[in-house]
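Remarks on the overall topology
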Amino acid sequence: MSADAPLLEVRNLKKHYPITEGVLKRQVGNVRAVDGISFAVDRGETVGLVGESGCGKSTAATSLLRLEEPTDGEVLFEGRDITGYDDAELKRFRREAQMIFQDPTSSFDPRMSIGESVAEPLTVHGMRDRERRRRIVEDLLERVGLSAGDIDRYPHEFSGGQKQRIALARALVLNPKLIVADEPVSALDVSIQAEILSLMKDVQEEFGLGMLFISHDLSVVREICDRVAVMYLGEIVEFARTGDLFENPQHPYTRALLSSIPQPDPTKRGSAIELTGDVPSPSNPPSGCRFHTRCPEVIPPDDYEFEQEAWRSVMDLRGRLARDGVDAAAVREFVASETDQSPESVPTERIEREVRREFDIPDSLSDARAESVLSEALGLLANGDQSEARALLAEEFETVCETTAPELRRTPAGHTASCHLVDETQSVSTPSTSD
Ligand code: ADP
Ligand code: MG
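Residues numbered from 1 in each chain as written. Chains lettered and ligands numbered in written order. Predicted model: local features only at pLDDT ≥ 70, side-chain atom pairs only at ≥ 80, totals over all residues. Heavy atoms only, no water.

1. Focus: the site of ligand 1
- Taken together, Y17, V31, A33, E52, S53, G54, C55, G56, K57, S58, T59 and P282 make up the full set of residues near ligand 1.
- Contact between ligand 1 and C55: an oxygen atom at 3.3 Å from a main-chain N or O atom of the residue.
- Within the contact set of ligand 1, an oxygen atom lies 2.5 Å away from a side-chain nitrogen or oxygen of T59.
- Notes on ligand 1: free accessible area 560 Å², of which the protein chains cover 61%.
- Listed by contribution, the elements that provide at least two residues to the shell around ligand 1 are β2 (26-41) and α1 (57-64).
- At 3 residues, the largest contribution of residues to the shell around ligand 1 is made by α1.
- By residue class, the composition of the shell around ligand 1 is 5 nonpolar, 5 polar and 2 charged. (Near = heavy atom within 4 Å. Polar contact = N/O pair within 3.5 Å; in protein donor to acceptor, adjacent residues only side chain to side chain. Areas by Shrake-Rupley, 256 points an atom, 1.4 Å probe, with all protein chains shown as cover. Helix = DSSP H or I, 4+ residues; strand = E, 2+ residues; numbered from the N terminus. Nonpolar A, V, L, I, M, F, W, Y, C, P; charged D, E, K, R; others polar.)

2. A few points about the pattern of salt bridges
- Here the structure, examined in full by the defined rule, presents 28 salt bridges.
- The salt bridge involving E69 is made with R66; its shortest N-O contact spans 3.1 Å.
- Overall, the relative accessible area of 43% leaves E69 in the partly exposed class.
- R66 sits in the buried class, given a relative accessible area of 11%.
- The salt bridge involving E89 is made with R80; its shortest N-O contact spans 3.1 Å.
- Within this structure, R32, D35, E235 and R290 form a network of salt bridges that share partners. (Salt bridge = Lys/Arg side-chain N within 4 Å of Asp/Glu carboxyl O. Buried < 20%, exposed > 50% of the residue type's maximum accessible area, 1.4 Å probe, protein only.)

3. Remarks on the sheet that holds strand β5 (residues 80-81)
- Spatially, the 4 strands line up as an open sheet ordered β2-β1-β4-β5, and their pairing is antiparallel. Sheet topology places β2 and β5 at the edges, where each strand pairs with a single neighbour.
- Looking at chain direction, strand β1 (residues 8-21) and strand β4 (residues 72-77) are connected through 5 bridges and run antiparallel. If you follow L8 over to β4, its bridge partner there is F77.
- Relative to the sheet, α1 contacts β1, β2 and β4, its axis offset from that of β1 by approximately 110 degrees. (Pairing = 2+ DSSP bridges. Contact = heavy atoms within 4.5 Å. Axes fitted to C-alpha atoms, helices over the stretch in contact; angles between N-to-C directions.)

4. So, the UniProt feature "domain: ABC transporter" (unreviewed entry) in the protein
- Feature annotation in UniProt places "domain: ABC transporter" (unreviewed entry) on residues 8-258, given in this structure's numbering.
- Helix makes up 37% of residues 8-258 and strand 28%, whereas the separation of the span's terminal C-alpha atoms amounts to 27 Å. (UniProt positions renumbered as here; feature names shortened; annotations may be inferred.)

5. Side note on the packing of helix α12 (residues 348-358) against helix α13 (residues 368-382)
- Contact pair α12 / α13: the axes reach a minimum separation of 9 Å and the direction vectors enclose 110 degrees. Classified by the angle between their axes, α12 and α13 sit roughly perpendicular to one another. Crossing angle aside, the handedness with which α12 passes α13 is right-handed. Here α12 contributes T348, I351, E352, V355 and R356 to the contact with α13, which in turn contributes E371, L374, S375, L378, G379, L381 and A382.
- Considered class by class, the residues forming the contact of α12 with α13 number 6 nonpolar, 3 polar and 3 charged. (Parallel < 35°, antiparallel > 145°, perpendicular 65-115°, else oblique. Left-handed = near helix turned anticlockwise from the far one by under 90°.)

6. Observations concerning the nonpolar core
- The biggest cluster of nonpolar side chains holds 81 residues, and the ones touching the most others in it are L168, I179, F213, L317 and F397.
- When residues of this core are assigned to their parent elements, the largest contribution, 7 residues, is made by α13.
- Here this core spans two domains, since at least three of its residues come from each of domain 1 (8-225) and domain 2 (308-398).
- Those residues within four positions of F397 in sequence are excluded, and the remaining contacts are P301, Y304, F306, W311, V314, R318, A370, V373, L374 and E402. (Core = buried A, V, L, I, M, F, W, Y, C linked by side-chain atoms within 4.5 Å. Domains from an automatic or database assignment.)

7. Remarks on the sheet that holds strand β11 (residues 409-410)
- Ordered in space as β6-β7-β8-β3-β9-β10-β12-β11, the 8 strands form an open sheet in which the pairing is mixed. The open sheet is flanked by β6 (97-100) and β11, the only strands paired with a single partner.
- In this fold α1 packs onto β3 (46-50), β6, β7 (178-182), β8 (210-215) and β9 (227-232), with an angle of close to 150 degrees to the strand it touches most, β8.
- Relative to β6, helix α2 (residues 87-96) is tilted by about 60 degrees, and along the sheet it contacts β6 and β7.

8. Here we look at the side chain of H415
- Mapped onto the elements, H415 comes out in the loop between β11 and β12 (416-417).
- With relative accessibility at 1%, the residue H415 sits in the buried group.
- Of the polar contacts made by the side chain of H415, one reaches the side chain of E238; its length is 2.7 Å.
- The contacts of H415, once residues within four sequence positions are left out, are E238, F239, A240, D244, L245, N248, P249, Q250, R409 and R410.

9. Points about a negative patch on the surface
- Judged by side-chain charge, D302, D303, E376, E395, E396 and E398 come together as a negatively charged surface patch.
- Structurally, D302 is set in the loop between α9 (252-259) and α10 (308-323). (Patch = residues over 30% accessible without salt bridge, like charges linked within 9 Å, V, L, I, M, F, W, Y side chains within 5 Å. Lys, Arg positive; Asp, Glu negative; His and termini not counted. Charge placed at Lys NZ, Arg CZ, Asp CG, Glu CD.)

10. Section: the pairing of β1
- Relative to β2, β1 runs antiparallel, the two being bridged by 12 bridges. Paired with K15 across the strands is V34, a residue of β2.
- Connecting β1 to the antiparallel partner β2 that follows it, the hairpin turn spans 4 residues, and G22 within it adopts a positive phi of roughly 75 degrees.

What follows is the structure in structure tokens.
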């Protein structure tokens, strides 16, 4: 164990769930729920893990605590790799690293008084003295804003916010060094959230805890975290000090998340960046940068001059062609019925125009060469040659964002971020340093 090692260091952690098929449970694929994340939490520090639902936050939490076995990677706690721990070592580790869950109701056994629930870890870890357990629990209940007299009451007598206070007391009872809190306020009324957050902050400071604070909500993370890791589809795309992340987000995904936070001050209100398309499945993540299928700033191909919005729209068309296809015959039928003519007599240009409209592509791209490629592809599509249209667009309009996965690297602003836009500014300035 080294004294200057971070409290928790996660290195290239992966958790893949097998997808099986049939009675023989043949493995046909993997859900790459967590796909190689690295970060550290220092003593007394709160690190946030944010991202949309399904990006792998809870899986990261349970894997790094070994509540389920990681597929790969290392988890160092005070410098020692817990992935090799035997049962006795794991038991000791579990005293020092506690978890708090989102749903305060299911966290408690309704038949146990809250005093018994909070004291349970003490009993499990061998404290026999009943009076001493009771004193510890009474003290903790007061520290989390309840009263010692609540000790013999039952979970149903408390509100959601109060239950989350009790869950915090139970997490603290073994004097842990690390708390992993998975969406601890997401199930609570907004009016209660701030109270619980400020309690967690006070407790974290008072006990000198390291905390990993998980939320899908950046505005919550802002209140309580020293540093924030932003996750997308199983990967960390940006990691920075909280102030820096909010002042100067480096990754387009972070910018999109930030822009969607409601802003009470109308003078500071920007327009929300709308992310197109659905979140892709972690069993078949996009090539290159996983965010490229939705990124508003996806890089256009070198050889053409695209307006950014038009390029995003063309990429959406390409994405649709690659996934589900575009049914030109259905478009033809639709136009025919709208215009009262037979499908055969609908001109190809009319179908092309419908497709452009569907994808928000301008009637004519500003770059004449790009426009000629696009109209050729739309012509193929309108005539039912989908795969040729797809191939032509893929060949002519290839972007680095789909071919190459960007590395997580240090940006000139002092964040780490994985984005080709960041790589470009990086390559002309200082070389990357590690912390
Ligand atoms: P988050 O907490 O960010 O909402 P999760 O970690 O719960 O995300 O889930 C990440 C991805 O892993 C999701 O696509 C989810 O469906 C999948 N997943 C989670 N648990 C399992 C499991 N036990 N088996 C298969 N897939 C899972
Ligand atoms: Mg979750």
